[in-house]
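Letter by letter, the chains look like this.
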Amino acid sequence: MESPAGDVEEAARSRGPAEHRTRVQLLEAADAHFRHYGYKKTTVADLARAIGVSPAYVYRFFDSKQAIGEAVCGLTLNRIVARLHEVEDEPRSAAERLRRVYRTVVAQGLELFFNERRLHDIVSAAIEGNWSSVTAYRRELDQIVRRIVGQGREAGEFERKTPLDDAASAITSTLAPFCHPTLLEQSDHAELRTSADQVAAMVLRSLAP
């Protein structure tokens, strides 16, 4: 299984050894500052000051503020991916697990919006800027869907005529709106959960053998 963390590391354009303690401190400071002040209001100088180094030294590890943001965004999205992996591994039918993927994507997005508003903002910036951490998240989501659909086919729950990659890609596309911070912010949350269930039901009907 390809790990999104590896993509995030590469996409973040980090400099210096990953295990370097200063780099870890820098990411911890960035996570704290982004949560408290927001991504846009935090500067590289703020992060350097927080860990007691010069701004120039920060660039030994990351070549821009966006690179730091991508790493933190990747860590945030990885937490959602981890929850989706738990859903994928549950001892339930493929149909029920796929239904729960929709519910989990919505629930995790709303939790991010309510409890971690500043991290919600950085995910919004990542989507607007098409950061590679978002690309890695989408790819991981697609792979989770692909595996569940494949398992459903093996169990006789789902049809087998449509190419698996095409089916997974189409299903992932229907999940995309429920991952978008703007939709989470502007929608009635009860209606959003209902809509996710309705889309999941439609998808499951299309997968029926």
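Residues numbered from 1 in each chain as written. Predicted model: local features only at pLDDT ≥ 70, side-chain atom pairs only at ≥ 80, totals over all residues. Heavy atoms only, no water.

Overview of the packing of aromatic side chains
Step number 1: What the rule picks out here adds up to four aromatic pairs.
Step number 2: Taking the centre distance of 5.4 Å and the plane angle of 75° together, the rings of Tyr57 and Phe61 count as edge-to-face.
Step number 3: Relative accessible area serves as the criterion here: at 3%, Phe61 is assigned to the buried category.
Step number 4: Look at Tyr102 and Phe178: their rings are 6.5 Å apart centre to centre, the planes differ by 75°, and that puts the pair in the edge-to-face class. (Phe/Tyr/Trp six-rings, centres within 6.5 Å; stacked < 30°, edge-to-face > 60°. Buried < 20%, exposed > 50% of the residue type's maximum accessible area, 1.4 Å probe, protein only.)

Focus on the pattern of salt bridges
Step number 1: Counting across every chain of the model gives 11 salt bridges.
Step number 2: Residue Glu88 pairs with Arg147 through a salt bridge whose shortest N-O separation is 2.6 Å. Placement of the pair is Glu88 in helix H5 (residues 65-88) and Arg147 in helix H8 (residues 132-154), with a sequence separation of 59 residues.
Step number 3: Given a relative accessible area of 24%, Arg147 falls into the partly exposed group.
Step number 4: With its nearest N and O atoms 2.7 Å apart, the salt bridge here joins Arg100 to Glu90. Taken as a pair, Arg100 in helix H6 (residues 94-115) and Glu90 in the loop between H5 and H6 lie far apart in primary sequence, 10 residues in all. The same class applies to Arg100 as to Glu90, namely buried.
Step number 5: Taken together, the shared-partner salt bridges connect Glu90, Arg92 and Arg100 into one network. (Salt bridge = Lys/Arg side-chain N within 4 Å of Asp/Glu carboxyl O. Helix = DSSP H or I, 4+ residues; strand = E, 2+ residues; numbered from the N terminus.)

As for the packing of helix H9 (residues 164-179) against helix H11 (residues 189-207)
Step number 1: Their axes nearest at 11 Å, the elements H9 and H11 cross at an angle of 175°. As judged from the angle between their axes, H9 and H11 are roughly antiparallel. Counting all contacts with H9, which are made through Ile171, Thr174 and Phe178, the residues of H11 involved are Leu192, Ser195, Ala196, Val199, Val203 and Leu207.
Step number 2: Tallied by class, the residues present in the contact of H9 with H11 amount to seven nonpolar, two polar and no charged. (Axes fitted to C-alpha atoms, helices over the stretch in contact; angles between N-to-C directions. Parallel < 35°, antiparallel > 145°, perpendicular 65-115°, else oblique. Contact = heavy atoms within 4.5 Å. Nonpolar A, V, L, I, M, F, W, Y, C, P; charged D, E, K, R; others polar.)

A short note on the layout of surface pockets
Empty space among the atoms becomes apparent when a probe as large as a water molecule is rolled across them.
Step number 1: Estimates place the volume of the largest pocket at around 270 Å³.
Step number 2: Contributions of two or more residues to the lining of the largest pocket are made by H5, H6, helix H7 (117-128), H8, H9 and helix H10 (181-186).
Step number 3: With four residues, the single largest contributor to the lining of the largest pocket is H8.
Step number 4: Of the residues that constitute the lining of the largest pocket, the class distribution is 13 nonpolar, three polar and one charged. (1 Å grid on protein atoms, 1.4 Å probe; cavity = no way out; pocket = protein on both sides within 12 Å on 5 of 7 lines; lining within 4 Å. Points joined across faces, edges and corners; volume = space filled by probe spheres on them.)

Notes on the confidence of the model for the protein chain
Step number 1: When pLDDT is averaged across the protein chain, the result is 85; 89% of the residues are at 70 or more.
Step number 2: Residue range residues 1-14 is modelled with pLDDT below 50. Its contacts to residues more than four positions away, or to other chains, number 34 contacts. (pLDDT = per-residue confidence, 0-100.)

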